[in-house]
Amino acid sequence: MVVEGSVRVNTDGVFYNPRMKTNRDICVAMASELGVNEYLDAFSASGIRGIRVRKEAGVERVVMNDISPSACRRIRENLALNDISDCEVTCESASALMSRRRFEAIDLDPFGSPAQFLAPAASSARSYLFITATDTAPLCGAHLKSGVRKYLAVPLNTEYHREMGVRILMGAVIREMARVDRRGIPLLSYATEHYVRVHMRIKKGAREADEALESMGYVEHCFGCGGWSLRMGMGCRSSGTCSFCGGRTCTAGPLWLGPLHDKDLLRASLKRLDPESRAHRLVLLCSEEIDVPFYYDHHKICRRLRITPSKVEKVISDLLEHGYRASRTHFNGVGIKTDAPMGDLISLLA
């Protein structure tokens, strides 16, 4: 028997990952703060996510689906265990279910890649789409060819590879939505442990989709100095040369280059999370990040310069004093987000 949040479930014979508790804690807080009324948990397994959303977030209509008949039996048992009788349990392919029905909010948390489910979810979700991807190697560029196949984009295994994974996934979702004249607006996007997670609001209309695509683009990365530059738009216009050190660059994309978070929503969601929890710390860090793509690994830059790293807070303070925007990032404990050019950052560090 597993106790999580205010629910208890029997996980015998079905998949249950205790490391995903933070993911589920944040999901419940977001569903509650957004006032979701209808929610599909497309890959329910034990049903713990859907049960928590119903009981803790107060979502009125929760549908829990799993293609496994034994999982569906366990879900029904766990609903009874928590005295819940008004949830719907379905036992079918998630793609088939989303192709024939519409839901206000859809949560995709499959085993592995969500890539094959993005198209039906983009059409089925009316207002919100929450997605987990555990195939971080393809998303972050460690398995390049697999990433290209699944997400139709080129990832690179850079120093900011965790954010690369988030922006590759976000870009794939944005493009799928644009095909059906919809716009995905990021609410909260993060990478932690073994997975990437995105939460999105949906707006309808061709004009909305066109505006979303304006924030798509490419990152041109130099593996020599670690610097990068951005190329906005769906067409790749690579220079091939690093503007800082003159080295050869490689290009990743198309990927999402717009904001990753709705800061007001995150600050409001914090009150629904235990202040001592990992979920609270993660959302707080995301709410304090500045909205610029990618980050610098402070320690790796210092190793290249052969200098001893100072405290990250000192570097951020120096950047702010020189008129740049700067913050820490949840992606990396020694990562620095800033709009300062690579050359100016190095001048401050040297």
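Source: prediction; values computed, not measured.

Computed from the structure, the largest pocket encloses a volume of approximately 510 Å³. Along the walls of the largest pocket sit 27 residues, with Phe-15, Phe-43, Asp-109, Pro-110 and Phe-111 positioned nearest its centre. Listing elements by their share of the lining of the largest pocket, those giving two or more residues are α2 (48-56) and α4 (94-100). Partitioned by chemical class, the residues of the lining of the largest pocket number twelve nonpolar, nine polar and six charged.

Our focus in this paragraph is empty space enclosed by the protein. As enumerated under the stated definition, the model contains one cavity of 30 Å³ or more in all. One number sums up the size of the largest cavity: a volume of about 30 Å³. Around the largest cavity sit Arg-167, Pro-259, Leu-260, His-261, Glu-289, Ile-290, Asp-291, Val-292 and Lys-337, which together line it. Its residues assigned to classes, the lining of the largest cavity shows four nonpolar, one polar and four charged.

Buried within helix α12 (residues 298-305) we find His-298, Ile-301 and Cys-302. Mapping the buried residues of α12 onto a view down its axis gives an arc of 100°, with all of them on the same face. Summarising the contacts, the buried residues of α12 are in contact with β13 (296-297), α13 (312-321), β15 (332-338) and α14 (342-349). Among the residues of α12, the N-terminal cap falls to Asp-297, whose side-chain oxygen and the backbone nitrogen of His-299 are separated by 3.1 Å. Directly beyond the C-terminal end of α12, a positive phi value near 60° is found at Arg-306.

Moving on to unusual backbone geometry. For the bond from Gly-253 to Pro-254, the omega torsion is 0°, close enough to zero to count as cis. Within the element layout of this structure, Pro-254 appears in strand β12 (residues 249-256). Residue Ala-45 is not a glycine yet carries a positive backbone phi of 55°. The topology assignment puts Ala-45 in the loop between β3 (38-41) and α2. Given a relative accessible area of 14%, Ala-45 falls into the buried group.

Take the UniProt feature "binding site: S-adenosyl-L-methionine" (unreviewed entry) in the protein chain next. Cross-referencing UniProt, the feature "binding site: S-adenosyl-L-methionine" (unreviewed entry) maps to Arg-24, Arg-49, Asp-66 and Ala-94 in the present numbering. As for the annotated residues, the ones lining the largest pocket are Arg-24, Arg-49, Asp-66 and Ala-94. With respect to the helices and strands, Arg-24 occurs in helix α1 (residues 21-34). Judged by its relative accessible area of 5%, Arg-24 is buried. Discounting chain neighbours no more than four positions away, the residues touching Arg-24 are Glu-4, Tyr-16, Asn-17, Pro-18, Ile-48, Arg-49 and Arg-52. Position of Ala-94 among the secondary structure elements: in helix α4. The exposure class of Ala-94 is buried, given its relative accessible area of 6%. Not counting the four nearest positions on each side in its chain, Ala-94 is found in contact with Ala-42, Phe-43, Asn-65 and Phe-117.

Each value, and the rule that gives it
Residues numbered from 1 in each chain as written. Predicted model: local features only at pLDDT ≥ 70, side-chain atom pairs only at ≥ 80, totals over all residues. Heavy atoms only, no water. 1 Å grid on protein atoms, 1.4 Å probe; cavity = no way out; pocket = protein on both sides within 12 Å on 5 of 7 lines; lining within 4 Å. Points joined across faces, edges and corners; volume = space filled by probe spheres on them. Helix = DSSP H or I, 4+ residues; strand = E, 2+ residues; numbered from the N terminus. Nonpolar A, V, L, I, M, F, W, Y, C, P; charged D, E, K, R; others polar. Buried < 20%, exposed > 50% of the residue type's maximum accessible area, 1.4 Å probe, protein only. Arc of directions from axis to C-beta. Contact = heavy atoms within 4.5 Å. Polar contact = N/O pair within 3.5 Å; in protein donor to acceptor, adjacent residues only side chain to side chain. UniProt positions renumbered as here; feature names shortened; annotations may be inferred.

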